[in-house]
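Here is what each chain is made of, one letter per residue.
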Amino acid sequence: MNDNYLVKEETYPARFLGKLTMGMPLSEYARKLVTPFNIVAVIILFVGLPLIGLRFWKGLATVTHASNEYPWSILLGWGLFSGVPLSGTGYVMATAVYIFGFRKYHPLVRLGVLTGFMGYLFAVIYLLIDIGRPWRIYYPMAVSFGPTSVLFLVAWHVATYLTVQLLEFSPAILEWIHARRTRKWAILITVAMTIAGVILSTLHQSALGALFLMAPGKLHPLWYSAFIPVFFFVSSIYAGLCMVIAVSTVAARYLKEKADHAFLDSLDGLTVGLGKAACIVMFVYFALRMIGVAHDDHWALLSSSYGYWFLAEVLLFVLLPCIVLTVGVKRNEARIVRAGAFHAVAGVILTRLNISILMFNWNLPGHFQAIVPPAREVFIVLSIITLHILIFRWILNRMPVMREDPAYLEDRH
Amino acid sequence: MEKPVKGAGGGSERDRREDGRTTVNRRDFLRVVAVAGGAAFLGTPADAEALHDLSGWPDRMGMLTDLTECVGCRSCESACNAANRLPAPEVPFDEKSVFERKRRPTASAYTVVNRYENPKGQGNTIYRKVQCNHCEEPSCASACPVRAYTKTPEGPVLYNQDVCFGCRYCMVACPYYAPAYDYESALEPRIVKCTMCHGRIKAGGIPACAGSCPMGAITFGKREALLKIARNRIRKFPDRYVDRIYGEYEAGGTSWLYLSGVPFGELDFPTNLPRKPIVENTKGFLSAVPLVLTLWPALLGLCYTANRNKEEKG
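Residues numbered from 1 in each chain as written. Chains lettered and ligands numbered in written order. Predicted model: local features only at pLDDT ≥ 70, side-chain atom pairs only at ≥ 80, totals over all residues.

1. What to know about the overall build of chain A
This is how it is decided: Each helix corresponds to a stretch of at least 4 residues labelled H or I by DSSP, and each strand to a stretch of at least 2 residues labelled E; elements are numbered beginning at the N terminus. Radius of gyration: C-alpha atoms only; globule rule: 2.2 Å multiplied by the number of residues to the exponent 0.38. Note on burial: count the other C-beta atoms lying within 10 Å of the residue's C-beta; 20 or more is buried, 12 or fewer is exposed, in between is partly exposed, and C-beta positions come from the backbone. Any residue pair is listed as a contact if its two C-beta atoms, each placed from the backbone, are within 7 Å.
Scanning chain A for helices and strands turns up 18 helices and 0 strands. Radius of gyration (C-alpha) of chain A: 22 Å, near the 22 Å computed for a compact globule of 413 residues. The C-alpha extent of chain A, read off along each of the three principal axes, is 70 × 55 × 45 Å. Relative to its 413 residues, chain A shows a buried fraction of 48%. Here the analysis covers contacts within chain A between residues at least 6 apart in sequence; of these, 77% occur between residues at least 24 apart.

So, in structure tokens, the structure goes:
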């Protein structure tokens, strides 16, 4: 439908502008931009972006609660440790469709890959704000190697996986700019990139958990477990599945006109299917968490206030959403599955915040006062979330993500 | 790397291509790679055997702080500040009011002394000097993704800010909360911590704090010798000391050792640390990495092959 406008003038700049304004004349495009959502977004950015500037002008101390005892604040607790598992969308969807052969989930692959790519991109953005000298971020890859470090592995894998995901998403970009021949090449590597994606995801999702293996005295024993890499990996699978449900729900609701019938008509059925996979993984994950307590014989700790919090996490934020998903799947009701998926996503965020912030340094005096983030840091996080949503929407509005471009139907991948 | 290249094949196995460019044939190339690679990664066979059971540098130095001797005069803080050319303190070093709250090493102080009430109730307050403990197998060094830390043969653990990008994982990994970070610096933040006066040690001197202590509470010497001294003191004065040398085994042991008259936990020493070096906890995970890298492609390739011809369901 974009192309109707393009027919009039085929000069290159006009074509380019048409791509950006989705084929509308500039004045109409500008008028359409004034929406309540966008106004709120601009206000948040107006406050948040200068605060990011402040970090690079006056130092991290002026904007975060990070201290010598608490080196990692919510910038990483939220941006990296919660953001990365929720970005497991790309590898779970690509594996399901291209490796395991569940072709009927094809309409959701690109949305999954895009969600994953954007998640990693923004995880890196949070990281660039947090680390001391961001222009040295490539040092682990090129200047000085620390192969005994789990973070060395994370750095390599996140960098590589970001590239892999860009390549996985590239067909959508190439279709958008009508680069038919390059797209052929991009499609050829789909399977190889998918396999690379699973390997990299297995390793760095679990490595994010393994990072905390270096802090046995600092992380509360109920959360510290030799199995923590397995917990992180397994939960990233259902986090990815539930996130695809959540993102597709929101996108199908607010950007309906950007989706085709194949997408919208199959969405409820596919949602139930994803919910089925997610609830199986969640049962496994719940069992693993219990085995973790049994392995270290920490049952006695459950009757402390930390124990109640642990139980709240695994019962109310793992088992309960898992049951909701199961009910939704049994009744074949996408609505219930969606509720369960949002609940499960919240649970993954809670688990990651528990490990990286809430239960880290639990035994230091004044712990719970020390971890409350200052308003400036909250605004930085809010503004990055806003930017994330805006760019995500920008792409969904323009590129064939929730629809298939009819011109390329005979050459699907 | 030079040596094996010269020795390999004596040049006779080089082929001359038709276009006149010299090439190295495959066997020759592989031999060079194998020898050079082997030499680079393994060193001599004796080294390779030793690597598996690291017992630390021989003759490494250490420090012994006898907390029963410390009177809280803060001479060590002052000497450290001068020796390392650190910024002048906000309150002078003879000011006792700093003891009203617990302090920790910061970006402008490598070491601080804290005061504790004596739980034995004898009226004598206890003072504890805090600084980097210079672990035998340092967690900070194992955690650092850019190898900014070195355990020197002399004992001190040193930090190199030239490769650091400020991830602060070393601070997460340090069980003693020793490294401090320059959060105030916008563009050149770095880790700050005690160096055990490595330069002075190399030059044959002793660390500034040990040299400045009027009570002789800080002893500098070879770690093995310090352990003997500490054991002797405990044996001679069993009423004065608890029967434990802190740092002998904690997280694989530290260069800095402590004697105390009261249980170490009451002076905020971490007492929940494993005996083995903390890096051991990640070895299982890291050794699984190459397995995943090699097994996953094969298994996933198999899945792909098994499913590629499956009929499309919908």
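2. Re the overall build of chain B
The number of helices and strands found in chain B is 10 helices and 11 strands. Within chain B, the fraction of its 314 residues that count as buried is 36%.

3. A short note on the nonpolar core
Residue and element names in this part refer to chain A. The condition is simple: What we call a nonpolar core is a set of buried Ala, Val, Leu, Ile, Met, Phe, Trp, Tyr and Cys residues whose membership is set by joining through C-beta atoms within 7 Å.
Of all hydrophobic cores here, the largest spans 189 residues; its most connected members are Cys242 and Ala278. Looking at which element gives the most residues to this core, the answer is helix α13 (residues 228-254), with 15 residues. If we ignore the near neighbours within four places in the chain, the residues touching Ala278 are Tyr238, Leu241, Cys242, Leu325, Ala341 and Ala344.

4. What to know about the confidence of the model for chain A
Heads up, the rule is: Per-residue confidence from the prediction method is given by pLDDT, with values spanning 0 to 100.
In the predicted model, chain A carries a mean pLDDT of 93, and 98% of its residues have values of at least 70. Taking the mean pLDDT of every element in chain A, the minimum, 49, falls on helix α1 (residues 3-6) of chain A and the maximum, 98, on helix α6 (residues 83-86) of chain A.

5. Quick look at the packing of helix α8 (residues 106-130) of chain A against α13 of chain A
All names here are of chain A. Short version of the rule: With axes taken as lines fitted to C-alpha atoms, and helix axes fitted only over the stretch in contact, angles between N-to-C directions fall between 0 and 180 degrees. Roughly parallel here means an angle under 35 degrees, roughly antiparallel means over 145, roughly perpendicular means 65 to 115, and every remaining angle is called oblique. Under the scheme applied, nonpolar residues are Ala, Val, Leu, Ile, Met, Phe, Trp, Tyr, Cys and Pro; charged residues are Asp, Glu, Lys and Arg; polar residues are all the others, including Gly.
The contact between α8 and α13 brings their axes to 10 Å, and the two run at 105°. It follows that α8 is roughly perpendicular to α13 by the angle criterion. Of the residues in α13, those touching α8 at Leu108, Leu111, Gly112 and Thr115 are Met243, Val244, Val247, Ser248 and Ala251. Of the residues in the contact of α8 with α13, the class split is 6 nonpolar, 3 polar and no charged.

6. A short note on the sheet that holds strand β11 (residues 256-259) of chain B
All names here are of chain B. What counts here: A pair of strands is labelled paired if DSSP reports no fewer than 2 bridges between them.
Here we have 3 strands laid out as an open sheet, ordered β10-β3-β11, and mixed in their pairing. A strand with exactly one partner marks an edge of an open sheet, and here the two such strands are β10 (218-222) and β11. Going across the sheet, the axis of each strand differs from the next one's by a mean of 25°, ignoring polarity. Note: strand β3 (residues 61-66) against β11, 4 bridges, orientation parallel. Residue pairing for β11: Leu64 is matched across the bridge by Leu257. Contacting β3, β10 and β11, helix α9 (residues 223-236) runs over the sheet at an angle of about 130° to β10.

7. Description of the interface of chain A and chain B
Taken together, the contact between chain A and chain B spans 47 residues of the former and 53 residues of the latter. For the side of chain A that touches chain B, the secondary structure elements donating two or more residues are α4 (36-58), α9 (139-142), α10 (150-176) and α12 (190-210) of chain A. At 7 residues, the largest contribution of residues to the side of chain A that touches chain B is made by α12 of chain A. Residue classes in the side of chain A that touches chain B are distributed as 31 nonpolar, 10 polar and 6 charged.

8. A closer look at the pairing of strand β5 (residues 126-130) of chain B
Residue and element names in this part refer to chain B. Across the 5 residues that make up β5, a large majority, 5, are buried. For strand β4 (residues 112-116) and β5, the ladder comprises 5 bridges, and the chain directions are antiparallel. If you follow Val113 over to β5, its bridge partner there is Lys129.

9. Let's talk about unusual backbone geometry
Of note in the backbone geometry, Met22 of chain A takes a positive phi value of approximately 55° without being a glycine. With respect to the helices and strands, Met22 of chain A occurs in the loop between α2 (12-20) and α3 (26-33). The partly exposed category is assigned to Met22 of chain A, around which 16 C-beta atoms lie within 10 Å. Positioned with a positive phi, Ala251 of chain B is a non-glycine residue whose angle comes to about 50°. Checked against the element boundaries, Ala251 of chain B lands in the loop between α9 and β11. Assessed through the 26 C-beta atoms surrounding it within 10 Å, Ala251 of chain B is described here as buried.

10. A few points about helix α4 (residues 75-83) of chain B
All names here are of chain B. Residues of α4 that are buried include every one of Ser75, Cys76, Glu77, Ala79, Cys80 and Asn81, and no others. Turning to α4, the residues buried within the fold contact β4, β5, α8 (208-212) and β10. Immediately downstream of α4, the backbone of Arg85 shows phi near 50°, a positive value.

11. A closer look at the environment of Met215 of chain B
All names here are of chain B. Mapped onto the secondary structure, Met215 falls in the loop between α8 and β10. Met215 sits in the partly exposed class, given 13 other C-beta atoms within 10 Å. Separated by 144 residues in sequence, Met215 and Val71 have C-alpha atoms that sit 7.7 Å apart. Once you skip the residues sitting within four places of it in the chain, Met215 turns out to touch Glu69, Cys70 and Val71.

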